[in-house]
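# Residue-level structural notes
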Amino acid sequence: MLLTNFLSKIKIKDYGYPLTRFGEKNDGGYLLPEHILNNLKYILSAGVGDTIQFEKDLKNKFNIKPFFIDDTVDLDKNMYHFTRKRINSFNDDFNITLNTWIENIKKQNNINFSQSILSIDIEGFEIEGLLSLQDKNLSQFAIIVCEFHNFSQIKNISGLKLYKVIFDKILTHFEVCHIHPNNVSPCIRIKNISIPPIMEFTFLNKRYCSKKNTVNNRKYPLKEDAKSVLRKRDINLPKILIS
């Protein structure tokens, strides 16, 4: 009962907005509701990895300025606003909380986060990052894109409670407008439901959800979606996350 209630709460809601893919054709690309992107000015990207094509696409098409943080790569600070630290649950010379990083950007650049996207792909540290993020900052973003790397933890009561806290926090201000499983790892079975261990979520701030939520008749994966790992079969979302 706890599991099905949680999954039902985080299912995709269809507001009729088209979704457009930005970034790499495979891993590193994400679907966003394009209808609001002309009004946005910044993207804060936690996690860089091997490519920044997602941010480049948004910069080239909508002039959305990127801010990056990662402790595994180096970006040219003459070209990009880059912080070389790990997102964590505390601050020191090598680690920083998501909230502190956001506050630093706000103070140094006088940014209005209501015109911003938050992108999180930090290999499992998204939990520490989101737990540290104060509601006053979280609620301001227009869009949040987050890849959850350990979603299979919901098979345990403690893991399920942790994810419920995270999603209750996000869904206070956002709706889920898209989910795409990363097919790098096989699904696990929990109470006859196949759960992808890694999933990419796109959240849209409720202030942009002016259209009435309709029955979700879209077929997933969407034609705009792409497999993260080409040589592996794609993963279908469990129906409980769609309708």
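Right above here is the structure, for reference.
Reading the values: the criteria
Residues numbered from 1 in each chain as written. Predicted model: local features only at pLDDT ≥ 70, side-chain atom pairs only at ≥ 80, totals over all residues. Heavy atoms only, no water. Helix = DSSP H or I, 4+ residues; strand = E, 2+ residues; numbered from the N terminus. Rg over C-alpha atoms; globule rule 2.2 N^0.38 Å. Contact = heavy atoms within 4.5 Å. Areas by Shrake-Rupley, 256 points an atom, 1.4 Å probe, with all protein chains shown as cover. Lys, Arg positive; Asp, Glu negative; His and termini not counted. Charge placed at Lys NZ, Arg CZ, Asp CG, Glu CD. Pairing = 2+ DSSP bridges. Axes fitted to C-alpha atoms, helices over the stretch in contact; angles between N-to-C directions. Salt bridge = Lys/Arg side-chain N within 4 Å of Asp/Glu carboxyl O. Core = buried A, V, L, I, M, F, W, Y, C linked by side-chain atoms within 4.5 Å. Buried < 20%, exposed > 50% of the residue type's maximum accessible area, 1.4 Å probe, protein only. Parallel < 35°, antiparallel > 145°, perpendicular 65-115°, else oblique. Left-handed = near helix turned anticlockwise from the far one by under 90°. Nonpolar A, V, L, I, M, F, W, Y, C, P; charged D, E, K, R; others polar. Phe/Tyr/Trp six-rings, centres within 6.5 Å; stacked < 30°, edge-to-face > 60°.

## Some words on the overall build of the chain
- Looking only at helices and strands, the chain has 6 helices and 13 strands in total.
- In terms of overall dimensions, the chain is globule-like: its C-alpha atoms have a radius of gyration of 17 Å, near the 18 Å expected for 243 residues.
- Across the chain, every contact between residues at least 6 apart in sequence was considered, and the portion connecting residues at least 24 apart equals 70%.
- Surface accessibility of the chain: about 11,700 Å² in total, with carbon and sulfur atoms responsible for 48%.
- Each charge sign in the chain was given a centre, from 35 positive and 26 negative side chains, and these centres are 7 Å apart.

## Examining the sheet that holds strand β3 (residues 42-46)
- Here we have 7 strands laid out as an open sheet, ordered β5-β4-β3-β8-β9-β13-β10, and mixed in their pairing. Edge positions in the open sheet fall to β5 (81-83) and β10 (174-181), since each of these has one partner strand only. Across the sheet, the mean angle separating the axes of adjacent strands is 15° when strand polarity is ignored.
- Both strand β8 (residues 116-120) and strand β9 (residues 143-148) contribute to a ladder of 4 bridges, which runs parallel. Bridged to Ser119 within β9 is Val145.

## Quick notes on the pattern of salt bridges
- Applying the stated criterion across every chain yields a total of 9 salt bridges.
- The partner of Asp168 in a salt bridge is Lys9, and the shortest N-O contact between them spans 2.7 Å. Here the residue Asp168 occupies a position in helix α6 (residues 157-171), and Lys9 occupies one in helix α1 (residues 2-9), the gap between them amounting to 159 residues.
- A salt bridge links Asp74 to Arg84; the shortest N-O distance between them is 2.9 Å. Of this pair, Asp74 sits in the loop between β4 (65-69) and β5 while Arg84 sits in the loop between β5 and β6 (86-87), placing them 10 residues apart in sequence.

## A few points about unusual backbone geometry
- Across the junction of Tyr220 and Pro221, the peptide omega takes the value 0°, indicating a cis bond.
- Along the polypeptide, Pro221 turns up in the segment after β13 (199-205).
- The backbone of Asn63 shows a phi angle near 55°, a positive value even though the residue is not glycine.
- By secondary structure assignment, the location of Asn63 is in the loop between α2 (53-62) and β4.

## Points about the nonpolar core
- With 75 residues, the main nonpolar core has Leu7, Phe148, Phe151, Phe167 and Phe203 as its most contacted residues.
- Per-element tally for this core: the top contributor is α6, with 6 residues.

## Looking at the packing of α1 against α6
- For the pair α1 and α6, the least separation of the axes is 11 Å and the interaxial angle reads 25°. As far as their axial angle goes, α6 and α1 are roughly parallel. The element α1 and its partner α6 pack so that their crossing is left-handed. Seen from α1, the contacting residues are Leu2, Leu3, Phe6 and Lys9; seen from α6, they are Ile157, Leu160, Tyr163, Lys164, Phe167, Asp168 and Leu171.
- Here the residues of the contact of α1 with α6 are counted per class, giving 8 nonpolar, no polar and 3 charged.

## Details of the packing of aromatic side chains
- Counted under the stated rule, the structure contains 17 aromatic pairs.
- Between Tyr42 and Phe67, the ring centres sit 6.1 Å apart and the planes meet at 55°, which makes this aromatic pair tilted. Taken together, the residues span a long stretch of sequence, with Tyr42 in strand β3 and Phe67 in strand β4 at a distance of 25 residues.
- When its relative accessible area of 17% is taken as the criterion, Tyr42 is described as buried.
- When the ring of Phe113 is compared with that of Phe141, the centres are 5.1 Å apart and the planes differ by 35°; the resulting orientation is tilted. Residue Phe113 is found in the loop between α3 (98-109) and β8, and its partner Phe141 is found in the loop between α5 (135-138) and β9; the two are separated by 28 residues along the sequence.
- In this structure Phe113 comes out as buried when scored by relative accessible area, which is 3%.
- What makes Phe141 buried here is its relative accessible area of 0%.
- Through a chain of ring-to-ring contacts, three or more aromatic side chains come together here, namely Phe6, Phe148, Phe151, Tyr163, Phe167, Phe201 and Phe203.

Read these as spatial facts, not as claims about activity.
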